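Descriptive analysis of the structure
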Amino acid sequence: MAIVDVRNLVKRYGDVLALDHFNLQIEQGEVFGLLGPNGSGKTTTINCILQLLTYDKGEIELFGQPMKPTSYDLKRRIGVVPQDVAVFDELNVRENIDYFCGLYVTDATERRALVDEAIAFVGLEDYAKFRPKKLSGGLKRRLNIACGIAHKPELIFFDEPTVAVDPQSRNSILEGIQRLNAEGATVVYTSHYMEEVEQICSRIMIMDRGESLACGTKDDLVRMVSTGEKVEIEAPDLPDGTLEALGGLPFVRRFSHDGTTIHLLCDNGPHNLANILGVLQERAVVFGRVYSEPPTLNDVFLEITGKELRD
Amino acid sequence: MQVFKAALKTFFRHPIYLLIYVVWLSCMGLFMGMSVNDVQSEEYVQRPNVAVIDRDGGQLSAGLKAFVLGNSVPVEVDDTERALQDAVMQERAHYIVIIPEGFSTSFAQAAAEGKTMPVLQTVVSTQSAEVTMMDNLVDEYLNVARTYTLALPDAGQDQVVTRTDAAMEHAVDVSVVQIAEAPPVSNSFLLYLQFASYTILLSIAVCSAVVMSRFGREETRRRIGSSPIPQASVNLQIAAACFVIMLVCWAFVAGLGLAVFGGKLVGVGTDVIAAAIVSLFCYSLFGLAFGFLVGQVTSNELVMNAASNITGLIISFLGGVWVSLDLVGEPIATIAKFTPTYYYNEALHAAFDAAGGGFTPQVFANLGIVCLFALAVFAAGMAISRWKVGRMGAWNASSTKPSLQPAA
């Protein structure tokens, strides 16, 4: 069953079309990555799903039920971790988590246990009495996450939670998200960072200008694009005809030699490197380091959304 | 109640604001109130310095001179132009009477023939109540002398002077009687309450604006908006918390004033005191509305403080807290009528009116205007809130980062 089901969603800001008949289905237990450049409509999508924004057209269902601004029973099952740290500077770590958890859980005893668990989950036990101003950027991010997950939601929206975070904290956050998913939560994750999405997401959607451009697993996406495998081989002394022989291989699309290294761009294939090395051995070419890079999500993203700079 | 509790915690986590705006400013009000003398039944006699230049030398002029100097502090001044100017400029003489030559004769003739009476030359250095009183006494002496001249046509001027002196010695005994229904007005408490308008505006506006701005941050609104708490309930809880903040500030300011000046209010009707405290409450509503407005305009605490302080100073001045409106020009007095502080002060004075204070129609009318000011400022805050939501939507149209929808 799709836990999130968005059909033909249209959202306009005046003359600007932010979402253009957008469709999205997320299954229970997934970590779903929503990728897109700035202004692609990621946050608009999430806000429409959460009913924080009105929309012009379309249907949104969560947990198999229509989502409306007054669907408080559905909202109770959702957690949100916004992009910017949204906590109260006047309250300490425990009070902040308790406050946001209290919006969902009214029983104080139950809440106390949940707050303790959330503090332990993000590793803020030593900072429970600290106010946010005394926390580092990474610790603030962890507090931000704790505030969104303390009530143990079944569906959690993470909106770029690792922006401006050091590598250690980022790693900790990503591990935490995977643990939440392992405990049964469905996660919707938006980010600019391809490696993060590659690392934790089971399915990925690339969207731009309010439209879904591609959706699937990472392998599905890689297969969709023409960007092929890049191969680089150190070979300073290249006998005559070798480069042409490499270029004659059926899967090689482009080839060049800069005096020290051979650069090849190949179609995706299972035995590309073996065939290339076979040609070099036939011609007794002495070569050094060999580097092969299959297409990455970054290649996919750039090919689909274009390489021009965005605002 | 989660939002309500968090809002109050936010308020109480700003002890500096409480200390400066509520406690310290209230203490300043106390000091100002204590500096005023409440005792009004003391005898207050002050005689002006008076010089009499008698160029006539007649019996009437001699009698007048003796009378004037007997009711003042006599000052010797030479009858030269320079000496007269110096006496006035140096304020050695507050009042100088110059009796011209031939005054006694022309006075008697004019009185007998019903012609225009000759006038004295008088010079006043400083206009004051004492000098005015002396001027009236001189006029009164001459009127009595004129009456005797008419009534006793055969009498000589010496007899007229004797009878006039005797008549002028008669005085009516006056005593101050305290009437139970007309309580003494405590100027100390009144001044404290006037100054409290500044205290109340600043304390409530800054504290409530800080709380509102915390909940007004976009990401916080987003987080709260996605929770299962209805937005109306969230708004209501924040409003309730701000109302409690207002009550705390009002109760502290009013309670402190009553505790310190309570002794001076013995004999003052409870309705008068209640009317004054209710006036302060109505003005507190304006402070709350102003805090709401400031909270919508900015979330920068420095700007909040600056805006509240500057506005507080200006409308307190225009309301007559710092300088009596009797001493300012007509244009400023007219502008003052466009501030709530003016009507708050009018309500206070009406409540303390010795001729019948308490909850008079005048008090209600002025407090009604204060409440209307509060309503107008609140409406302006609401308009700005709506405009901001619209503006964020427009901005997001270019970046497609969405804004939040208006509170339901």
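Worth saying up front: this structure is predicted, and the values here are computed from it rather than measured.

**Some points on the domain arrangement of chain B**
What the domain assignment lists for chain B is domain 1 (2-38 + 185-399) and domain 2 (49-169). For domain 1 of chain B versus domain 2 of chain B, the separation of C-alpha centres amounts to 58 Å.

**Things to note about the interface of chain B and chain A**
Counting residues at the interface gives 32 residues for chain B, matched by 43 residues for chain A. Both faces combined, the contact of chain B with chain A buries some 3400 Å², and carbon together with sulfur accounts for 55% of it. Taken as a group, Arg222(B), Arg223(B) and Pro228(B) account for 24% of the area that chain B buries against chain A, more than any other trio of residues on that side. There are 5 salt bridges connecting chain B and chain A. Here Glu95(A) and Arg13(B) are joined by a salt bridge, their closest N and O atoms 2.8 Å apart. Here chain B is connected to chain A by 13 residue pairs in polar contact (both at pLDDT 80 or more).

**Regarding helix α1 (residues 2-12) of chain B**
Counting buried positions along α1(B) gives 8 out of 11 residues, so the element sits mostly inside the fold. Of all the residues in α1(B), the buried ones are Gln2(B), Val3(B), Phe4(B), Ala6(B), Ala7(B), Leu8(B), Thr10(B) and Phe11(B). Those residues of α1(B) that are buried lie in contact with α3 (93-102) and α4 (108-122) of chain A together with α2 (15-34), α8 (187-216) and α10 (231-261) of chain B.

**Focus: the sheet that holds strand β3 (residues 95-99) of chain B**
Residue and element names in this part refer to chain B. Across the sheet, 4 strands lie side by side as β2-β1-β3-β4; this open sheet has mixed pairing. This sheet does not close on itself; its edge strands, each paired only once, are β2 (73-74) and β4 (121-124). Pairing of β3 with β4, which is carried by 4 bridges, proceeds in the antiparallel orientation. Across the sheet, Tyr 95 pairs through a bridge with Val 124, a residue of β4. Helix-sheet contacts for helix α3 (residues 59-70) involve β1 (49-54), β2 and β3, and the interaxial angle to β1 is about 170°. Set on the sheet, helix α6 (residues 129-151) makes contact with β1, β3 and β4; between it and β3 the angle comes to about 20°.

**Focus on the packing of α1(B) against α8(B)**
Residues and elements named next belong to chain B. Running from N to C, α1 and α8 point in directions that differ by 130°, and their axes come no closer than 9 Å. Classified by the interaxial angle, the pair formed by α1 and α8 is oblique. You can see that α1 and α8 cross each other, and the crossing is right-handed. Seen from α1, the contacting residues are Val 3, Ala 6, Ala 7, Thr 10 and Phe 11; seen from α8, they are Cys 207, Val 211, Arg 214 and Phe 215. Residue composition of the contact of α1 with α8, grouped by class: 7 nonpolar, 1 polar and 1 charged.

**What about the nonpolar core?**
By size, the foremost hydrophobic cluster in this structure holds 133 residues, and its most contacted members are Ile97(A), Tyr99(A), Phe158(A), Tyr189(A), Leu193(B) and Phe215(B). At 19 residues, the largest contribution of residues to this core is made by α8(B). Once residues lying within four places of it in the same chain are set aside, the contact partners of Phe158(A) are Val81(A), Ile145(A), Ile149(A), Ile177(A), Leu180(A), Val187(A), Val188(A), Tyr189(A) and Thr190(A). In terms of nonpolar packing, the next biggest core, distinct from the first, is built from 30 residues, Leu9(A), Ile26(A), Met67(A) and Leu74(A) among them.

**Examining the packing of aromatic side chains**
How two aromatic rings sit relative to each other is set out by the distance from centre to centre and by the angle between their planes. This model, assessed by the stated rule, comprises 23 aromatic pairs over all chains. Look at Tyr99(A) and Phe100(A): their rings are 4.8 Å apart centre to centre, the planes differ by 70°, and that puts the pair in the edge-to-face class. Overall, Tyr99(A) belongs to the buried group, its relative accessible area being 1%. Since its relative accessible area comes to 1%, Phe100(A) is described here as buried. By the ring-pair criterion, three or more aromatic residues cluster together here, those being Phe88(A), Tyr99(A), Phe100(A) and Phe215(B). Positioned above the aromatic ring of Phe63(A) is the side chain of Arg77(A), whose terminal nitrogen or guanidinium carbon lies 3.9 Å from the ring centre.

**Observations concerning the domain arrangement of chain A**
Each assigned domain of chain A is listed here: domain 1 (2-223) and domain 2 (228-294). Between the C-alpha centres of domain 1 of chain A and domain 2 of chain A the distance comes to 45 Å.

**Brief notes about the pairing of strand β10 (residues 211-216) of chain A**
All names here are of chain A. Of the strand pairs in this sheet, strand β9 (residues 203-208) and β10 are connected by 5 bridges, and their pairing is antiparallel. Counted as the bridge partner of Met 207 is Ser 212 from β10. Hairpin geometry of β9 and β10 is characterised by an intervening segment of 2 residues between the two adjacent antiparallel strands and by a positive phi of about 50° at Arg 209.

Criteria and cut-off values
Residues numbered from 1 in each chain as written. Chains lettered and ligands numbered in written order. Predicted model: local features only at pLDDT ≥ 70, side-chain atom pairs only at ≥ 80, totals over all residues. Heavy atoms only, no water. Domains from an automatic or database assignment. Contact = heavy atoms within 4.5 Å. Buried area = accessible area lost by both parts, 1.4 Å probe. Salt bridge = Lys/Arg side-chain N within 4 Å of Asp/Glu carboxyl O. Polar contact = N/O pair within 3.5 Å; in protein donor to acceptor, adjacent residues only side chain to side chain. Buried < 20%, exposed > 50% of the residue type's maximum accessible area, 1.4 Å probe, protein only. Helix = DSSP H or I, 4+ residues; strand = E, 2+ residues; numbered from the N terminus. Pairing = 2+ DSSP bridges. Axes fitted to C-alpha atoms, helices over the stretch in contact; angles between N-to-C directions. Parallel < 35°, antiparallel > 145°, perpendicular 65-115°, else oblique. Left-handed = near helix turned anticlockwise from the far one by under 90°. Nonpolar A, V, L, I, M, F, W, Y, C, P; charged D, E, K, R; others polar. Core = buried A, V, L, I, M, F, W, Y, C linked by side-chain atoms within 4.5 Å. Phe/Tyr/Trp six-rings, centres within 6.5 Å; stacked < 30°, edge-to-face > 60°. Lys NZ or Arg CZ within 6 Å of the ring centre and 35° of its normal.

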